[in-house]
Amino acid sequence: MRIQLYPQGTPVRIRRGDYPLEAKFEGREGLVIGLKRRTGRRYMVQLEGESQLRLFDESELEATGAVASLAEAGAHQGGGGSDHKS
């Protein structure tokens, strides 16, 4: 069993990782919304200024602060659960 490195609510910065990354994402910041369970390494992240969720590999994330409360993390999803399936 793998341990999730970035729990829900972790603020992160996108960086180059193990896979090719579009330059437009490098250096952007966002909030971890959840882990895509089937992969165990891909995280759903909501980038600042965007409403959609994007998937990033664990190697492409760098924590930038303490984990936000679940209520705060939920606020980034519009206050409710995500409609994205894992």
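Residues numbered from 1 in each chain as written. Predicted model: local features only at pLDDT ≥ 70, side-chain atom pairs only at ≥ 80, totals over all residues. Heavy atoms only, no water.

S.K.: Sorry, what's going on with the packing of aromatic side chains here?
M.R.: Working definition: an aromatic ring pair is given by the centre-to-centre distance plus the angle between the planes. Scanning the entire structure with this criterion turns up two aromatic pairs. Taking the centre distance of 5.6 Å and the plane angle of 80° together, the rings of Tyr6 and Tyr43 count as edge-to-face. Taken together, the residues span a long stretch of sequence, with Tyr6 in the segment before strand 1 (11–14) and Tyr43 in strand 3 (residues 42–47) at a distance of 37 residues. On the basis of relative accessible area, Tyr6 is assigned to the buried category, the value being 11%. Overall, the relative accessible area of 0% leaves Tyr43 in the buried class. Where Phe25 meets Phe56, the ring centres are 5.6 Å apart and the plane angle is 80°; that geometry is what we call edge-to-face. Here the residue Phe25 occupies a position in the loop between strand 1 and strand 2 (29–35), and Phe56 occupies one in strand 4 (residues 54–57), the gap between them amounting to 31 residues. A single burial state applies to Phe25 and to Phe56, both of which are buried. (Phe/Tyr/Trp six-rings, centres within 6.5 Å; stacked < 30°, edge-to-face > 60°. Helix = DSSP H or I, 4+ residues; strand = E, 2+ residues; numbered from the N terminus. Buried < 20%, exposed > 50% of the residue type's maximum accessible area, 1.4 Å probe, protein only.)

S.K.: Where do I start with the nonpolar core in this structure?
M.R.: Among soluble globular proteins, nonpolar side chains are generally buried collectively. Counting twelve residues, the largest nonpolar core is built from Tyr6, Val12, Ile14, Leu21, Phe25, Val32, Leu35, Tyr43, Val45, Leu47, Phe56 and Leu61. For this core, the secondary structure elements donating two or more residues are strand 1, strand 2 and strand 3. Ranked by the residues each element gives to this core, the list is headed by strand 3, at three residues. Sequence-distant contacts of Leu47, that is, excluding residues within four places in its chain, are made with Ile14, Phe25, Arg28, Glu29, Gly30, Arg54 and Phe56. (Core = buried A, V, L, I, M, F, W, Y, C linked by side-chain atoms within 4.5 Å. Contact = heavy atoms within 4.5 Å.)

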